[in-house]
Amino acid sequence: MTDFNPTRRALMAGAAMVGAAATTGAAFAQGAQSDAGDAPMTDRSAEFPKPPYPEQQQPWPGLEQQMDPRPDDGSQTYIGTGRLRGKRALITGGDSGIGRAAAIAFAKEGADVAIAYLPAEEPDAQDLKRIIEGEGRTFAAFPGDLRDQGYTTSLPDQTVQALGGLDILVNNAAYQQWVPGLEELSDEQFDQTMKTNLYAMFWLTKAALPHLSSGSAIINTSSEVAATSPKNLIDYSMTKSAILSFTKTMAKQLASRGIRVNAVAPGPIWTPLQVTGGQNPEELPQFGADTAIGRAGQPVELAPLYVALADPAFSYSTGQVFGATGGDAQPGA
């Protein structure tokens, strides 16, 4: 796997949704290194796994280290440039998938990192601890269930105690289960999806505000399904649309306090979410095949977006939706 270096110049090429999409591509293009010298993004992209993917299923919430192929989290490929030096970040769902890639990128950019995750995900969390501390950064791990209001609202205080402050909040954790129809969507599943994806974001953001100051950033993970909802992701799609509304409302409320609030809308990304009931197992081998790029995205491919939105230099962008969908339609800005 070759390295890439998302430089400030590449990532700052635009300050709106279309511009951010372009800068992400430029980041890969300018930073991809090979023995022969610079390689374009399309050359590096060709190295990522393509469909068909091996048939596989894990019980919820799953472990990234048991996936085949294992997602690229950036631990071996992302090169930081100190853009977040001295910052302190809290990331929900930070043990695996997109949250893990963001945590690693933040650390490589100089930030200390705390993550919230389910106790069953401890092996992935411990592996992440090794990576973050290997970068010379402070790491804090808070296992628990985000549906527990007491646990969730305690996270900002715990982060401040462990890291000395809080500058970046990433509301990323999500629950996703496919169902063939509305009749099969149980009250229990609906409640778990709403509590994990929406209640937790509401509780955590509210509890974090007293610790955030001018220059701080809140980043919410939405999804392309907010624009093009699949027929078998009813409750999940509902929450991802609501996340966009919350993002835009909070951006307006917090702008006068110097706190930016933005959302990332990923497309089909290869994470444990997909192999633990997030997709129909029969369709999993072709996951992402219908995108323009023709494959599922890797978590590391979203890391430059989270870094850019956490960087105070991105000071004029708030209330925006930044997509990384492989060419799929995405929610409007």
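Because the structure is predicted, anything quoted here is derived from the model rather than measured.

Caption draft 1: Here's a closer look at helix α4 (residues 97-108). In a regular helix each residue adds 1.5 Å, so 12 residues correspond to 16 Å; α4 covers 17 Å between its end C-alpha atoms and thus fits that length. Extensive coverage of α4 is indicated by the burial of 12 of its 12 residues. What α4 keeps buried is the set Gly-97, Ile-98, Gly-99, Arg-100, Ala-101, Ala-102, Ala-103, Ile-104, Ala-105, Phe-106, Ala-107 and Lys-108. Positive phi appears at Gly-110, one or two residues downstream of α4, with a value of about 105 degrees.

Caption draft 2: Layout of the environment of Ala-251. Within the secondary structure, Ala-251 sits in helix α8 (residues 234-254). Its relative accessible area of 4% is what places Ala-251 among the buried residues. Once the C-alpha coordinates of Ala-251 and Ile-218 are considered, the two residues, 33 residues apart in sequence, prove to be 9.0 Å apart. When neighbours within four sequence positions are excluded, Ala-251 is seen to be in contact with Val-261, Thr-318 and Gly-319.

Caption draft 3: Main features of unusual backbone geometry. With an omega dihedral of 5 degrees, the bond running from Trp-60 to Pro-61 counts as a cis peptide bond. Relative to the helices and strands, Pro-61 resides in the loop between α3 (41-45) and β3 (88-92). Following Asp-68, the chain continues to Pro-69 via a peptide bond in cis, the omega torsion being 0 degrees. Following the sequence through the fold, Pro-69 ends up in the loop between α3 and β3.

Caption draft 4: A look at the pattern of salt bridges. Applying the stated criterion across every chain yields a total of 13 salt bridges. With a shortest N-O distance of 3.4 Å, Glu-64 and Arg-100 are connected by a salt bridge. Residue Glu-64 is located in the loop between α3 and β3, and its partner Arg-100 is located in helix α4; the two are separated by 36 residues in the primary sequence. Grouping residues by exposure puts Glu-64 and Arg-100 together as buried. Linking Arg-100 and Asp-73 is a salt bridge whose minimum nitrogen-to-oxygen distance equals 2.8 Å. Highlighted residues: Arg-100 in helix α4 and Asp-73 in the loop between α3 and β3, separated in sequence by 27 residues. Accessibility assignment for this pair places Arg-100 and Asp-73 in one class, buried. Residues joined in a network through salt bridges with shared partners are Glu-64, Arg-70, Asp-73, Arg-100, Asp-127 and Arg-130.

The rules behind these values
Residues numbered from 1 in each chain as written. Predicted model: local features only at pLDDT ≥ 70, side-chain atom pairs only at ≥ 80, totals over all residues. Heavy atoms only, no water. Helix = DSSP H or I, 4+ residues; strand = E, 2+ residues; numbered from the N terminus. Expected span 1.5 Å × (residues − 1). Buried < 20%, exposed > 50% of the residue type's maximum accessible area, 1.4 Å probe, protein only. Contact = heavy atoms within 4.5 Å. Salt bridge = Lys/Arg side-chain N within 4 Å of Asp/Glu carboxyl O.

Honestly, that's just the spatial picture; any functional story needs more than this.
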